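# Observations on the three-dimensional arrangement
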Amino acid sequence: MTDRYAVIGNPIAHSKSPQIHAQFAAQTGQDLQYEKLLAPLDGFAATADQFRAAGGKGANVTVPFKLDAARYATRLTPAAQQAGAVNTLIFHAAEVVGDNTDGIGLVRDLTHNLQQLLRGRRILLLGAGGAARGVLQPLLDEKPAALVLANRTLAKALELAALFQQKTPTQMRPCGFAELAGQSFDVVVNATASSLQDEAPPLPAGVYAPGALAYDLMYAPQPTAFMRAAQAAGAARVCDGLGMLVEQAAQSFYLWRGVRPDTAPVLVALRAA
Ligand code: ATR
């Protein structure tokens, strides 16, 4: 029997996950089928129940259901607890494990694909919503010299930093965008939703240190507003989140199948498409 997996979201038509997992499966010789499931906005649990009853072995979960998925799981991994959200479900007979592979995916894209050292570097993380929370602990685990968490609404940056401050030896400072004046960073990660509105967070001049990398968690066929602004502001390298998408998928695949796919050819194929 071919094992079944799916990505659940709303909307879901645009998802690249089936394409990515089909390539992983072909490459590793795994017998699996991966489909898209559109769940009604108030019907995540029912959709997941149905898929599980039909023999589903696991699922990826995307917008807007990552909190529903955390409630659906009967056990959360430490990564899912830290992220406060679940993007990967593993269906066992007796339990549903909820994990989160987004942060690992970002760090792997940065350190492996982009060869960007994080240890001892100064990181600026923009945003204090779910996306920022999802990547914060894996970034801290790389032991940067400092991590500044900047958000349009200062109160949310303070709140998010408070959740992690106790547990990290890294110097972590929450602030608003204006307070970044006079500081510079080696890596700037945009985890705000600004690119969806074709806007870039208003950063003061000089935040990009010589050689700095600017990374947007979002991806689009054209460079995002953040990427264009970073380029104009002097970032040496500017990247979108397509590599993170492939790497988080690879980690999910590994959790389900115990086999690690080679992400490089999959990323090349997606870029070409
Ligand atoms: P997500 O799950 O994508 O993180 P979210 O939890 O709604 O979504 O958080 C959105 C984040 O993007 C927040 O940090 C938000 O800033 P505020 O807390 O001030 O609302 C940020 N954001 C959204 N639009 C933005 C914009 N145009 N400029 C800067 N930050 C923006």
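Quick caveat, the model's predicted, so the values are computed rather than measured.

What counts, and where the lines are drawn
- Residues numbered from 1 in each chain as written.
- Predicted model: local features only at pLDDT ≥ 70, side-chain atom pairs only at ≥ 80, totals over all residues.
- Heavy atoms only, no water.
- Pairing = 2+ DSSP bridges.
- Helix = DSSP H or I, 4+ residues; strand = E, 2+ residues; numbered from the N terminus.
- Axes fitted to C-alpha atoms, helices over the stretch in contact; angles between N-to-C directions.
- Domains from an automatic or database assignment.
- Contact = heavy atoms within 4.5 Å.
- Buried area = accessible area lost by both parts, 1.4 Å probe.
- Salt bridge = Lys/Arg side-chain N within 4 Å of Asp/Glu carboxyl O.
- Polar contact = N/O pair within 3.5 Å; in protein donor to acceptor, adjacent residues only side chain to side chain.
- Nonpolar A, V, L, I, M, F, W, Y, C, P; charged D, E, K, R; others polar.
- Buried < 20%, exposed > 50% of the residue type's maximum accessible area, 1.4 Å probe, protein only.
- Arc of directions from axis to C-beta.

## Notes on the sheet that holds strand 11 (residues 208–216)
The strand order across the open sheet formed by 6 strands is 9-8-7-10-11-12, and the pairing between neighbours is parallel. Edge positions in the open sheet fall to strand 9 (171–175) and strand 12 (237–239), since each of these has one partner strand only. Strand-to-strand twist of the sheet, defined as the mean angle between neighbouring strand axes without regard to direction, takes the value 15 degrees. Direction of pairing for strand 7 (residues 122–126) relative to strand 10 (residues 185–190): parallel, over a ladder of 4 bridges. By the bridge assignment for strand 10, L125 is matched with V189.

## Things to note about the domain arrangement of the protein
Annotation of the protein at the domain level lists domain 1 (3–100 + 248–272) and domain 2 (103–240). Facing 11 residues of domain 1, the contacting portion of domain 2 comprises 10 residues. Together, the buried faces of domain 1 and domain 2 total about 840 Å²; carbon and sulfur atoms form 48% of this surface. Counting across the interface, domain 1 meets domain 2 through 1 salt bridge. The shortest N-O distance in the salt bridge between D240 and R271 comes to 3.0 Å. Linking domain 1 with domain 2 are 4 residue pairs in polar contact (both at pLDDT 80 or more). Within the residue set of the side of domain 1 that touches domain 2, elements represented by two or more residues are helix 4 (78–83), helix 9 (242–257) and helix 10 (264–272). Sort the elements by how many residues they give to the side of domain 1 that touches domain 2 and helix 4 lands first, with 3 residues. Across the side of domain 1 that touches domain 2, the residue classes tally to 2 nonpolar, 7 polar and 2 charged.

## Some points on the environment of A80
Along the polypeptide, A80 turns up in helix 4. Look at A80 and you get buried, because its relative accessible area is 2%. Remark: the alpha-carbon pair of A80 and M218, spanning 138 residues in sequence, is separated by 20 Å. Beyond its immediate stretch of four places on either side in the chain, A80 contacts A85, V86, G98, D99 and N100.

## So, helix 2 (residues 44–53)
Inspection of helix 2 places F44, T47, A48 and F51 among the buried residues, and these make up the whole buried set. On an axial view of helix 2, the arc spanned by its buried residues comes to 95 degrees, and they lie on one face. In helix 2, the exposed positions angled more than 90 degrees off the buried face are occupied by A46, Q50 and A53. Each element contacted by the buried residues of helix 2 is listed here: strand 1 (3–9), strand 2 (32–38), strand 3 (56–61), helix 3 (66–72) and strand 5 (88–91). At the C-terminal side of helix 2, G55 shows a positive phi close to 105 degrees.

## Observations concerning the pattern of salt bridges
Inspection of every chain in the model, using the stated rule, returns 10 salt bridges. Close ionic contact of K57 with D3 constitutes a salt bridge, the shortest N to O distance being 3.8 Å. Linking K57 in strand 3 with D3 in strand 1, this pair joins segments that are 54 residues apart in sequence. The class for K57 is partly exposed, based on a relative accessible area of 36%. A salt bridge links R71 to D68; its shortest N-O distance comes to 3.7 Å. Here R71 pairs with D68, and both are found in helix 3, just 3 residues apart, close to one helical turn. You can call R71 exposed: its relative accessible area is 65%. Salt bridges sharing partners connect three or more residues here, namely D3, K57 and R257.

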